[in-house]
Every structure is written in structure tokens, then in C-alpha cells.
Amino acid sequence: MSEGDKPSGGEVNAQPEDEPKKPNLHAQRDRFFIRVRFSEFGKVRFISHRDVARLFERALRKLGLPVAYSEGFSPRPKLSFGLALSVGYESDAEYLDVELTEKVDLKGLAQRFTDAMPNGITVTEIIELDAGAASLQQAIVSCIWHIEVLGMSIAEMEAITASTMAATELPTERVRKGKTKVSDVRPSILGIEVVGPTENGVAIAAHLATEQLSMRPSELLVLLGIEPDQEGRITRTHQWMNLDGERCEPICLSEPSSKNETRDVFPGAFESTDSDTQADELHGVS
Amino acid sequence: MTTVWPQLEPLLPRVQKPARYIGCEDGAKAKLPDPKLVSWCFTYPDTYEVGLPNQGLQILYEIINERPDARADRSYAPWTDLEELMRSHGVPLFSVEHHTPCNEFDVIAFNLSAELTYTNLLNCVDLAGVPVRTADRDDSHPLIMAGGHCTYNPEPLADYLDAVVLGDGEEVVGEITDVLVKHRSQPNASRADLLVALAQIESVYVPSLYEVTYDGPSVAAITPIGTEAQSAPSEIEKRTVADLADWPYPKQQLAPLTEVVHDRLNVEVFRGCTRGCRFCQAGMITRPVRERPAEQVRTMVAEGLERTGYDEVALTSLSTADFSDIADVVTDIIDDGDKADKGPVSVSLPSLRVDAFGVGIATQLQRAKRTGLTFAPEAGTWRMRQIINKLIREEDLYEAVDAAFANGWIRVKLYFLIGLPSETDEDTLGIAELAKNCVAIGKKYNNRASVTASVGGFVPKPFTPFQWFGQNTQEELQRKVDLLRDATKKMRGVNLKWHDPKATLAEGIASRGDRRIGPVIEQVWRNGGTFQEWSEHFNLDLWLDAMADHGLTVEDAVYRHRTEAEFLPWEHLSAGLHKDFLWQDWQDSLAEVGLEDCRWTPCYDCGACTGYGIEHVVASAKPPAGGSQGTGQDLASGGAVPVVLLTSSERQSATA
Ligand code: SF4
């Protein structure tokens, strides 16, 4: 018998696993934050959000960055991620905030980070963040997804998207927290455009809300009447924040990533796309 | 180069945990498929999460990949959802490095660590497109081999395995590769010639070169067949690596992308254990004790943490607290971690000794995270513990538990076995009693203190003093579980967990049987019985039906006691232990006579050292604090045969 035993047999008087929390004896110290933008392509798209978090924890240790740890019997590095990426989806716009105990030099750090991560995960940009900046979880309001639909022509796809966008209401059964409810999901679809043909079908870009009635790409495909086996690659290309009514990315890439094919769709949707300077102002980057 | 990735990739979004199938681990060798190289596919016949951490496979994988004339990939059993898709889409079993079909390798080599994975082994062979029976394979098929603790009774799989390795694999894997390299240069040599050549390697057993005759429920004899020119040895000896210092593997432990069991750095600090617990097959078959030099442990830990970014390292062995100067080693590791300044590092010992010394170490160790504390008193009464030679007094346990609760732990786990020789209900209920008393100790410190008593059914394993003992029936084990359930129901803070007695019976069938059990395993597999280690898939009826269909009874195979005169199904193999030593220990056991640890007392000539001209390799000839078993008990000692006790440093100067 060992601690790796698989479940078998039975159990009585099971008790919840918990450990007492040690009081925080440390006075509040200065904290520094960095925001990391990364992409996830290829085989690694099959790992879970939790796996990505563990890989970043290991990479941070390999790099020896002065990461802040939580207090207690099981101190954990203080990382916070944006919206989880579903298993199987790729992304050009994932984010991670890291709390540090001292300032670090960002020069060359993105490359060193990439080297410490498995193939397929590339750290594209790192910025310093104000201690008071809104958390990713709070600030993200929508995402743009690049979705490949297999075995469909541009004309067919355009017809489907046009009728969906023309609808004023789209009452849909949705399961949330185990409960089925009918809601109008039309407001969650902020835009759909047909991007062009792919080798085996057609690509669309969909701008979907993540707040209130959030919508996932898989739910959109069901709504569009697309069969599961027509689902091709799905890539998150942008996550958008709403800061004082302005839309901007948590970090704008200084150079567009080569994979960032759908950068220029919905040009009208986000007026302020040259947001390098804007992001700098918002986050107080010196 | 063939790869199934293009066919596999579209299936992955449709299965649970697709990260199991993508490989890409940190430390993985990307030696490209090359027809000029002898190729091994090391396979664990269970899920990726269970199989990836297996150190045995990782060690051999590295050793082979370091050779210029060979390469190795790895493979694992696909979960049932992917298996179904693979079969319907014609995708064969593949390696995770290059997604190469497994039947393109020269060898598919399995690690067998648990008998209930046997049906998975057959399933993997079949998924690879290789006939499951040795007799049906030809020159176009890979060799199917196995190693690992279960191969000390390989007979149930004898008709399915081309070759079996007994004991430590580090040296043998190279010798087998040499034979395979030579075989390639002889285009006229057949598969039969190759098998005969393999049988000449010490510790390699080729079951098809032996004939078995039966005498009712037991085996009458197992003898080599064939002409003199094609002879195989009449007895196959296990292999023992004399000094772990020569084998600092794995040098690059694999760090997976997805969570696995034992998800941490693992550094093996010693192999073998001579505490002499009579139920413990692992202890008996891995003798003698071979410690890794403390300095090497320290380097392997520091480099491993640095390379992988893990925040936890486990110092593995069968009883790590017995490692010479363990306290100093732990202090050094923690100091190194502090110096490296990369965040807190926790050190864990997979098994703790049942005494305050063990807890003291654990307290010192678990800085980065505090996991549960586990002790293994194994039996509920002192009488029973004398019989199994696990000489822990009640006071030792209470002292240990007290220290644990005093140091802030609130949950303690205790491991026990039921179904041990001569066990009475008083012994069984002693388990509940001990657990209750431990909770009472915990309540002194924390009102939420609780104790989990985890109870497993005992399977008497080959090459232990209990190999002659008939396993308790399923009904008897269930009755004992029920006794404990009733007894603990009202005990606040005692949480009872038990292993399903049905699974214990199936494990008995697979571990105690002879070649007649092979068709039973095959039938269980053919009727869908894969993943029998997993409660959601385990099905005893498949096993019992298959036994009945082949005219076999569990009484004969599992439950009956065996006699000294009986030829055991594993009698043609040797784990180094003299049969008369084991028999004497079995008799001593029934007389409740204990046996001290031969690391610190004279040798009993069990055979494990004396037979191979090797010795214990320990850095310190002094027993650890607390004395033998941590009890200081006076024990009867055996017939003394002086052996020289060499320390690691003496050993080095002797060979220099
Ligand atoms: S041969 Fe002697 S010293 Fe070696 S393990 Fe056996 S009893 Fe111990």
C-alpha cells in the first residue's frame, strides 16, 4: 500500500481535508506586479488551465524570480490568471499576473520565460503593473475567437452568420451551475465575421462577451447549427478589458505575433487599437 | 518514420484528459526514429498519470537513450474512451514521444508493479497489433518483455511474454541490447535463435523454453526443454546492482505537462530493506541494502530541483528514515534549497518510521507544504506484529502520533493489513482500538484531530516467508471489514477505509497462480476486463467465470496453504533467498519469534548477499536513533554468519 493507491473499497466517517491557517505574522510589505502575455499553440493546447498554472509555477522557480508566496502551512506562489482557456483551444492572448517581492529587470525576461516553458507556450510580452490595477478576472469583458468550421463554404457561412446577426433575440437553453434556463443570448454575440477559406473549410472570427451572459465558442457553434465534427481549430486571439468605457487589451503586443491572423477584424469595434501608449498610461509603466 | 499523430490528433478533443497522450515532458529524449538503432518502447500498463512517475522505466529509458546504438520511447495504456476511438479508427498503440506505432519497435518492455494490470498488458499488446500469445508471434513482431516486482512470479503471463527480467534492470537492459544488436547483424538468425540467445543472459527468463508438469493443484516440475545447444538454465537468478553510486539515474527525471501521481522530484536514496517484515515482498526481493552516497543524493536533489522547477522532492526507498545520517542529509538539502533561493522546498519521505524520530524529521522537512502524515503499524496487536516481524510497540506508535499532533498535524493516516497468518478477531479489532487511542491523543491538541485507518487485505506473495500461507477467503476478509466497520461506526474522529476484498481475491489469483492462470487472465481481458486496478472497472465475476470455464478453483489457486515439500510455481526462479531461510522464518513467525535487522546485527545467511558475493552498502554501521525497529527490543538473533560490513567510502577505496 502506498499513497498512490487508487480508489477502491469503501470509506466511512469521511472528513473534509483541511488544515488550519497560520496567522499572517508578516507586516504588509511592498509588492510589485508583472503582467505576462503568452500564446499557446500545438500539442500543448491539450493541457488544462490548471496544468498551465503548474507549468508557470515551475518556470518561475527555474528562473528564480522573487515571487511572493501566500502564508500558511502550504504557501503557494501568488499568481492570478485571466479567463481559463478550455482544453483543446489555442490562444494568442493569455495573461498571467505575478506578484513579486522586489522589482525585476524585464529586459530579456520574456525570452527566458519562453525557454523555461514547454514547446508551444511562448511568452510574448511582459509589463510592469500598478499595484492597484484591476485584476484580469474583473477587467475582461469580451474575447475574440478565430474558429475554423470544416466542410463549409464561405457563402454558406456568410448566410448563417448574417441571419444570426440579424436576429433581435436568440432565446437559448443554457446550463449554468447545474440549472437549465432559457435566456436571450443575442446580446452576448458582439460580432461575427467570415475571415476567409481554410484548407478544409472556412474561418470565422467571433467577438463574444464574457460578462453576465458569457458565451463560449462551443455554445456559439451549437447556435449556428454547426455539428461537433465540423469544429476545427479554435484560437483565442484577443481578450478585451473595459477601462472607463475604453476597450483595450491587458497588454498590446509591440509586434503582432505571426499567429495573430485576426487582429484586424472588427476594426470598428475597438476604436482605440493603437493602445500601446494607452496601456502604458493605464498601468503606469515607466 | 511512421507516426499516428495525424490520425490521433482529431480524436483527442473527444476524450478525457487528452494531455495524457501528447508527451512533451521536460527531460524527454527526442532521439528520432532511426531503423539502424535497436529500439525499445518502455510501457506502463496503466494510465499515464500512474505510469509516468515509474522510476524503473525512467531509469531504463535514459540508459538506453545514452547508447549510440539504441533508442527508447515510452507508452502507456490509453483510457477506455480513447481505446474505443483508436479501435474504431484503426489507430494502434503508440509511443508518446513520436507517436510511433508500438509494433515498429524491436521490444515492447512492460513494467509490472501490480498484478491487476495484467489484463492491461494483454490489451496493450493487442492494441499494438501484436498477437497476445508468444506462440503466435513471428519474426515481424516486436519482443514482448517484462520486468518489475511482479515478475518474481511471471508464470500466469508465461505464455504471453517472450522474456522476463528478474531484479535490477540497469545492467541487464544493456546486455539484452547487445544481444539485439548482434542479432541484427545475423540476417539468417530466427526469432527462436534470438530467444535462446536471450536466455543465456543472467537473470533473463524465457518462459517458452521451459516445460511445466502438474500434480493436481500444484506444479510438479518446471524444466528447460530443447537440445543441449539450445539450453536454458534450470534456475534463473535475480540481478542485483552492487552499488547505486554507479547508477545515478534518472539523471533527468521527466517533468510532465499534466498532473501525475507523485508529481515531484523523486530521488532514490537506497534500494533494499532488511527490516525483515515477513509480509513484505518488496523488502525480501530487493535485499541487501544499497545506500546511495549522501553526497550523490545531495547533488541529484539540487540539480533535479534546479532543472525541473519542482518545489518538492521525495527521498524514496522502502524505509527512508533508516538511511544513514538521514537527519544530516535532510538538513543539507534544506540548506542547499535556502542557498538556491528559489522559494520554499519541501522534502518528503514516502514512508515514515513509527517513532518520534520519524515525526521529528517530517516536521523539519515539510516546509513548503504540509501533507498528511502516514504511519504503517500494519497490525492491531503486538502479538500480530511479532508474527509479521513489524516490531512496533504500542508506545512507539502513540509517541509518534503524539509528536505529530503536537507539531500541528490534525490528520494522521495509519495503514493496516487484515488476513495475516493466525489472525484472530481480537487482532483485527485491535486496529480500531489503536485508531481510537490515537484520536484521543490528537484531541489533547486539537478538537478536530482525526485518524484514518486504511485497511488492506493481505495477499501472500512469492519469495516471502508467508508464501506458504493460504490467503484469507473473500468472505473472511469481508467479515473482518464488517467487524471493523461496526467497531469504528461510533468512534468519533476515526475514519475507516478499506480495500475491496474482491480485488484482493483477484490479486491473489494473478500473483499466486501457475501457467494455468494465463488463459483466465486472457479471458478476463477478452471479456472487457481492463483497468482492473480501478474500482469503476474492476469486476470479480469476470475472474470467477473465467476460473470456472477453465476448470480451476480459487481454493486451489489462492486459499489453500502450501506445504514445505510442494514445488511452488516460482520455484525455478531465485530472488537470492534460500528456501530453507524463508521456511525457517515462516516457522519462527508462527512461534512469534522476531528477527532483527541484519544491517546492524550478524547475518542470517538468507542468501541475498552471501549467494552473490555482495554486501550491504551503508554509510554507517550504527542503527539509527531508537535502535532496531526503533524499539530497542531484545530479539532472538539468527545463526550468525559473519559478513564484512563495508561502508560506502570503504567500498570506494577497496575498488580504487
Ligand atoms: S545475506 Fe545476510 S546480511 Fe545479506 S540480507 Fe541476508 S541476512 Fe542480511
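Even after reading the chapter, I still don't get the overall build of chain A, so can you show me in this structure?
A count of helices and strands for chain A gives six helices and 12 strands. Going through the 286 residues of chain A one by one, you find that 49% of them count as buried. In chain A, once contacts between residues fewer than 6 apart in sequence are set aside, the share between residues at least 24 apart is 74%. Of the roughly 14,100 Å² of accessible surface on chain A, a fraction of 49% belongs to carbon and sulfur atoms.

I would appreciate a short explanation of the overall build of chain B in the present structure.
Within chain B, the secondary structure is distributed over 21 helices and 19 strands. Its C-alpha radius of gyration of 24 Å places chain B within 12% of the 26 Å reference for a compact globule of 656 residues. The principal-axis extents of the C-alpha atoms in chain B amount to approximately 70 × 65 × 55 Å. In chain B, buried positions account for 63% of the 656 residues. Here chain B displays about 22,700 Å² of accessible surface, and carbon together with sulfur accounts for 51% of that area. Side chains of chain B carry 62 positive and 95 negative charges; the gap between the two charge centres is 5 Å.

What am I meant to see in the packing of aromatic side chains here?
Inspection of every chain in the model, using the stated rule, returns 20 aromatic pairs over all chains. Between F38 of chain A and F56 of chain A the ring centres are 4.7 Å apart and the planes differ by 55°, which places this aromatic pair in the tilted class. Of this pair, F38 of chain A sits in strand β2 (residues 32-40) while F56 of chain A sits in helix α1 (residues 49-63), and the two are 18 residues apart along the sequence. Overall, the relative accessible area of 2% leaves F38 of chain A in the buried class. Residue F56 of chain A is classed as buried on the basis of its relative accessible area of 0%. For R58 of chain A, the ring lying beneath its charged end belongs to Y310 of chain B, and the centroid distance is 4.9 Å. One cation-aromatic arrangement involves R74 of chain B over Y61 of chain B; the distance from NZ or CZ to the ring centre is 4.9 Å.

Help me out: how do you make sense of the site of the ligand in this one?
Taken together, the residues surrounding the ligand are T274, R287, C598, C603, Y604, D605, C606, G607, A608, C609, T610 and H616 of chain B. Partitioned by chemical class, the residues of the shell around the ligand number six nonpolar, four polar and two charged.

When you look at the environment of L253 of chain A in this model, what are you seeing that I'm missing?
Residue and element names in this part refer to chain A. One can find L253 in the loop between β12 (246-248) and α6 (276-283). Accessibility expressed as a relative area gives 5% for L253, which makes it buried. Note: C-alpha distance between L253 and T124 (129 residues apart in sequence) is 7.3 Å.

What's the story with the pattern of salt bridges in this structure? I'm lost.
Opposite charge on two side chains allows them to pair when their charged atoms are near. Residue and element names in this part refer to chain B. The tally for this structure, following the rule as stated, stands at 65 salt bridges over all chains. One salt bridge connects E49 with R20, and the closest N-O pair in it is separated by 2.8 Å. A residue pair is termed long-range when its members are at least 10 positions apart, and E49 in helix α2 (residues 48-51) and R20 in the loop between α1 (5-8) and β1 (38-44) qualify at 29 residues. In this structure, E49 and R20 share a single accessibility class: buried. Salt-bridge contacts for R74 lead to E97; the nearest nitrogen and oxygen are separated by 2.8 Å. With R74 in strand β2 (residues 70-76) and E97 in the loop between α4 (80-89) and β3 (107-111), this residue pair connects regions lying 23 residues apart in the sequence. Taken as a pair, R74 and E97 share a single burial class, namely buried. Bridged by salt links that share partners, the residues D168, E170, E268, R271, R290 and R292 form one connected network.

Sorry if this is basic, but what is going on with the confidence of the model for chain B here?
Interpretation of the predicted coordinates at a detailed level should be avoided for regions scoring low in pLDDT. Residues and elements named next belong to chain B. Summarising the model, chain B shows a mean pLDDT of 91, and 92% of its residues fall at 70 or more. Segment residues 626-656 is flagged for pLDDT under 50; beyond a separation of four residues in sequence, or across chains, it makes 58 contacts in the model. Note on the complex model: pTM 0.90, ipTM 0.89.

Help me understand the pairing of strand β13 (residues 312-316) of chain B, please; the structure alone is not making it clear to me.
In regular strands, side chains alternate between the two faces of the sheet. All names here are of chain B. Counting buried residues in β13 gives five out of five residues, a clear majority hidden from the surface. Side-chain alternation along β13 places E312, A314 and T316 on one buried face and V313 and L315 on a second face that is also buried. Alignment of strand β10 (residues 265-268) against β13, held across four bridges, turns out to be parallel. Within β13, the residue paired with V267 across the bridge is L315.

Before we go on, may I ask you to explain the packing of helix α15 (residues 474-489) of chain B against helix α16 (residues 501-512) of chain B in this structure?
When two helices pack together, their arrangement is captured by the angle between the axes and the distance separating the axes. Residues and elements named next belong to chain B. At their nearest, the axes of α15 and α16 sit 9 Å apart, and the two run at 145° to each other. Considering how the two elements wind past one another, α15 and α16 form a crossing that is right-handed. Each of Q474, L477, Q478 and V481 in α15 lies in contact with α16, whose residues at this interface are P501, K502, T504 and L505. Along the lines of polarity and charge, the residues of the contact of α15 with α16 split into four nonpolar, three polar and one charged.

Looking at this structure, how should I read helix α17 (residues 518-526) of chain B?
Spacing of three or four residues puts side chains on the same side of an α-helix, whose turn is 3.6 residues. Residues and elements named next belong to chain B. Burial of α17 is extensive: seven of the nine residues sit out of reach of the surface. Within α17, burial applies to G518, V520, I521, E522, Q523, V524 and W525. Of the surrounding secondary structure, the elements contacted by the buried residues of α17 are α5 (118-127) and α18 (540-549). Two residues or fewer past α17, G528 is found with a positive phi of approximately 95°.

Got a minute to help me understand the sheet that holds strand β5 (residues 163-165) of chain B in this structure?
The strands making up a sheet are joined through hydrogen bonds of the backbone, oriented either antiparallel or parallel. Residue and element names in this part refer to chain B. What the six strands build is an open sheet, ordered β2-β1-β3-β4-β5-β6; its pairing is mixed. Each edge of the open sheet is held by one strand with a lone partner, namely β2 and β6 (204-205). Against the sheet, helix α3 (residues 55-66) contacts β1, β2 and β3, and its axis sits at roughly 155° relative to β2.

Looking at this structure, how should I read the side chain of H616 of chain B?
Mapped onto the elements of the fold, H616 of chain B is located in the loop between α20 (579-590) and α21 (648-655). Taking relative accessible area as the criterion, H616 of chain B reaches 4% and is therefore assigned buried.

In this structure, what is going on with helix α9 (residues 294-308) of chain B? I would like to understand it.
Here α9 of chain B contains 15 residues, and its C-alpha end-to-end distance of 21 Å stays within 8% of the 21 Å for a straight helix at 1.5 Å per residue. Against α1 of chain A together with β10, β13 and α10 (326-340) of chain B lie the buried residues of α9 of chain B. Backbone geometry just after α9 of chain B places G309 of chain B at a positive phi near 80°.

Looking at this structure, I do not really get the sheet that holds β10 of chain B. What am I missing?
Residue and element names in this part refer to chain B. Ordered in space as β10-β13-β14, the three strands form an open sheet in which the pairing is parallel. Unpaired on one side and paired on the other, β10 and β14 (346-348) mark the two borders of the sheet. Across the sheet, the mean angle from the axis of one strand to that of its neighbour is 25°, orientation sign disregarded. Packing of α9 onto the sheet brings it into contact with β10 and β13, and relative to β10 it is tilted by some 165°.

What counts, and where the lines are drawn
Residues numbered from 1 in each chain as written. Chains lettered and ligands numbered in written order. Predicted model: local features only at pLDDT ≥ 70, side-chain atom pairs only at ≥ 80, totals over all residues. Heavy atoms only, no water. Helix = DSSP H or I, 4+ residues; strand = E, 2+ residues; numbered from the N terminus. Buried < 20%, exposed > 50% of the residue type's maximum accessible area, 1.4 Å probe, protein only. Contact = heavy atoms within 4.5 Å. Areas by Shrake-Rupley, 256 points an atom, 1.4 Å probe, with all protein chains shown as cover. Rg over C-alpha atoms; globule rule 2.2 N^0.38 Å. Lys, Arg positive; Asp, Glu negative; His and termini not counted. Charge placed at Lys NZ, Arg CZ, Asp CG, Glu CD. Phe/Tyr/Trp six-rings, centres within 6.5 Å; stacked < 30°, edge-to-face > 60°. Lys NZ or Arg CZ within 6 Å of the ring centre and 35° of its normal. Near = heavy atom within 4 Å. Nonpolar A, V, L, I, M, F, W, Y, C, P; charged D, E, K, R; others polar. Salt bridge = Lys/Arg side-chain N within 4 Å of Asp/Glu carboxyl O. pLDDT = per-residue confidence, 0-100. Pairing = 2+ DSSP bridges. Axes fitted to C-alpha atoms, helices over the stretch in contact; angles between N-to-C directions. Left-handed = near helix turned anticlockwise from the far one by under 90°. Expected span 1.5 Å × (residues − 1).

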